[in-house]
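One letter stands for each residue in the lines below.
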Amino acid sequence: MINPSDIAARREALLAEITTLASDIGRSPQSIKLVAVSKRQPEERLAEALAAGQRVFGENRVQEAQAHWADRRESYPDLELRLIGPLQSNKAAEAVALFDVIETLDREKLAGALRKEMDRQGRAPGLYVQVNTGEEVQKAGIAPAELADFLARMRGHYGFSVSGLMCIPPVEEPAGLHFALLAKLAAQNNIAELSMGMSADYPVAIGLGATSIRVGTGFFGSRPD
Ligand SMILES: *Cc1c(COP(=O)(O)O)cnc(C)c1O
């Protein structure tokens, strides 16, 4: 049994599992990135993760991400930070300055703010479009039927090279249906990267083509409230 506080051991177990799952279906384990979701995790766990060699982290709020990572950039130049939560246009400057990948591009207004900041700062984070695969009213993301037009706008008018799609399936539905839909949409639209799968369902996501999985509690242990 792995001690729940032993992040290094959890990480090793996750990486080993990714390798097995990938190999079983003829995928290269290197084609699947483990994103450790560090939102609401205490400082000492972040330090433990870094000490264990983890460098790719996901955060869902700009301010918390700054508090967690801004000062660590210098000591860890190979850090890769991903924004996986909704982004307000008025936080575009901070997001462009901090993140290496923004996974939640989901509307024109945000695209305009990001374009402006990317030009101003001379920085170009990778961009993923969030797709609302379950068409839930409360959830962010572009509806599947609107994706092709939205991508055309992003690539044309805004000059973005969108490199990935991201989804968060409805909790009450089998995640695999949504992962399969996201993979199909990516193939149809010439997009290589798929951010899908969390602690509860990353094995399914890997089976359906995920190139990054976002694991929070399965990596760090449960989030203290
Ligand atoms: C919190 C969060 C995760 C991680 O969830 P776990 O169940 O802790 O693995 C993944 N993706 C997004 C968008 C999140 O907000």
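Keep in mind the model is a prediction, meaning the values are calculated, not measured.

Participant: Would you take a moment to explain the site of the ligand for this structure?
Facilitator: Close to the ligand lie 13 residues, the nearest being Lys 39, Ser 199, Gly 216, Thr 217 and Arg 223. Measuring from an oxygen atom of the ligand, one finds a backbone N or O atom of Thr 217 at 2.9 Å. Within the contact set of the ligand, an oxygen atom lies 2.9 Å away from a side-chain nitrogen or oxygen of Arg 223. Expressed as a share of its isolated accessible area of 390 Å², the protein-covered part of the ligand is 88%. Taken together, the residues that form the shell around the ligand break down as six nonpolar, four polar and three charged.

Participant: Would you take a moment to explain the environment of Arg 120 for this structure?
Facilitator: When you line up the elements, Arg 120 lands in helix H5 (residues 108–121). When its relative accessible area of 59% is taken as the criterion, Arg 120 is described as exposed. Taking the C-alpha atoms as reference, Arg 120 lies 9.1 Å from Ala 93; in sequence the two are 27 residues apart. Within the structure, Arg 120 has its side chain in polar contact with the side chain of Glu 117 (distance 2.7 Å).

Participant: Can you walk me through the environment of Pro 77 in this structure?
Facilitator: Checked against the element boundaries, Pro 77 lands in the loop between helix H3 (62–69) and strand E3 (80–83). A sequence separation of 22 residues divides Pro 77 from Arg 55, and the C-alpha atoms of the two residues are 9.4 Å apart.

Participant: Just checking my understanding: could you explain the layout of surface pockets for this structure?
Facilitator: To find the voids left in a structure, one rolls a probe of water-molecule size over its atoms. By volume, the largest pocket amounts to about 360 Å³. Lining the largest pocket are 18 residues, and of these Lys 39, Asn 60, Ile 84, Ile 168 and Met 198 lie nearest its centre. Residue composition of the lining of the largest pocket, by class: seven nonpolar, seven polar and four charged. By volume, the second largest pocket is sized at about 210 Å³. In this structure, the second largest pocket is lined by Asn 60, Arg 61, Val 62, Gln 63, Glu 64, Leu 83, Gly 85, Pro 86, Leu 87, Gln 88 and Lys 91. If you tally residues by element for the lining of the second largest pocket, the top one is H3, at three residues. Split by residue class, the lining of the second largest pocket holds four nonpolar, four polar and three charged.

Participant: I would appreciate a short explanation of the pairing of strand E4 (residues 101–105) in the present structure.
Facilitator: In summary, the side chains of a regular strand alternate between the two faces of the sheet. Counting buried positions along E4 yields five of five residues, so the element is predominantly enclosed. In terms of strand pairing, E3 meets E4 through two bridges, oriented parallel. The residue of E4 that forms the bridge with Leu 83 is Ile 102. With respect to chirality, the unit in which E3 leads through helix H4 (residues 92–98) into the neighbouring parallel E4 is right-handed. Note that E4 and strand E5 (residues 126–130) share three bridges and pair parallel. Residue pairing in the sheet places Leu 105 in a bridge with Val 129 of E5.

Participant: What exactly am I supposed to notice about the side chain of His 68 here?
Facilitator: One can find His 68 in helix H3. Looking at His 68, the relative accessible area reads 8%, which means it is buried.

Participant: When you look at helix H2 (residues 43–51) in this model, what are you seeing that I'm missing?
Facilitator: Since one α-helical turn is 3.6 residues long, residues separated by three or four positions face the same way. Within the span of H2, buried status applies to Leu 46, Ala 49 and Leu 50. Here the buried residues of H2 occupy an arc of 100° about the axis, which is enough to place them on one side. For H2, exposure combined with an orientation more than 90 degrees from the buried face picks out Glu 44 and Ala 51. Summarising the contacts, the buried residues of H2 are in contact with helix H1 (7–24), strand E2 (56–59), H3 and helix H9 (217–220).

Participant: Is there a simple way to explain the pattern of salt bridges in this structure?
Facilitator: Side chains that carry opposite charge are capable of pairing whenever their charged atoms lie near each other. According to the stated counting rule, one finds 13 salt bridges in the structure shown. Asp 78 is the salt-bridge partner of Arg 55, the closest N and O atoms lying 3.3 Å from each other. With Arg 55 in the loop between H2 and E2 and Asp 78 in the loop between H3 and E3, the pair connects residues that are 23 residues apart, well separated along the chain. Glu 103 is paired through a salt bridge with Arg 82; the nearest N and O atoms lie 2.8 Å apart. On the criterion of sequence distance, the pair formed by Glu 103 in strand E4 and Arg 82 in strand E3 is long-range, its members being 21 residues apart. Just as Glu 103 is buried, Arg 82 falls in that class too. Where salt bridges share partners, they join Lys 33, Glu 80, Arg 82 and Glu 103 into one cluster.

Reading the values: the criteria
Residues numbered from 1 in each chain as written. Predicted model: local features only at pLDDT ≥ 70, side-chain atom pairs only at ≥ 80, totals over all residues. Heavy atoms only, no water. Near = heavy atom within 4 Å. Polar contact = N/O pair within 3.5 Å; in protein donor to acceptor, adjacent residues only side chain to side chain. Areas by Shrake-Rupley, 256 points an atom, 1.4 Å probe, with all protein chains shown as cover. Nonpolar A, V, L, I, M, F, W, Y, C, P; charged D, E, K, R; others polar. Helix = DSSP H or I, 4+ residues; strand = E, 2+ residues; numbered from the N terminus. Buried < 20%, exposed > 50% of the residue type's maximum accessible area, 1.4 Å probe, protein only. 1 Å grid on protein atoms, 1.4 Å probe; cavity = no way out; pocket = protein on both sides within 12 Å on 5 of 7 lines; lining within 4 Å. Points joined across faces, edges and corners; volume = space filled by probe spheres on them. Pairing = 2+ DSSP bridges. Right-handed = clockwise from strand over helix to strand, strands pointing away. Arc of directions from axis to C-beta. Contact = heavy atoms within 4.5 Å. Salt bridge = Lys/Arg side-chain N within 4 Å of Asp/Glu carboxyl O.

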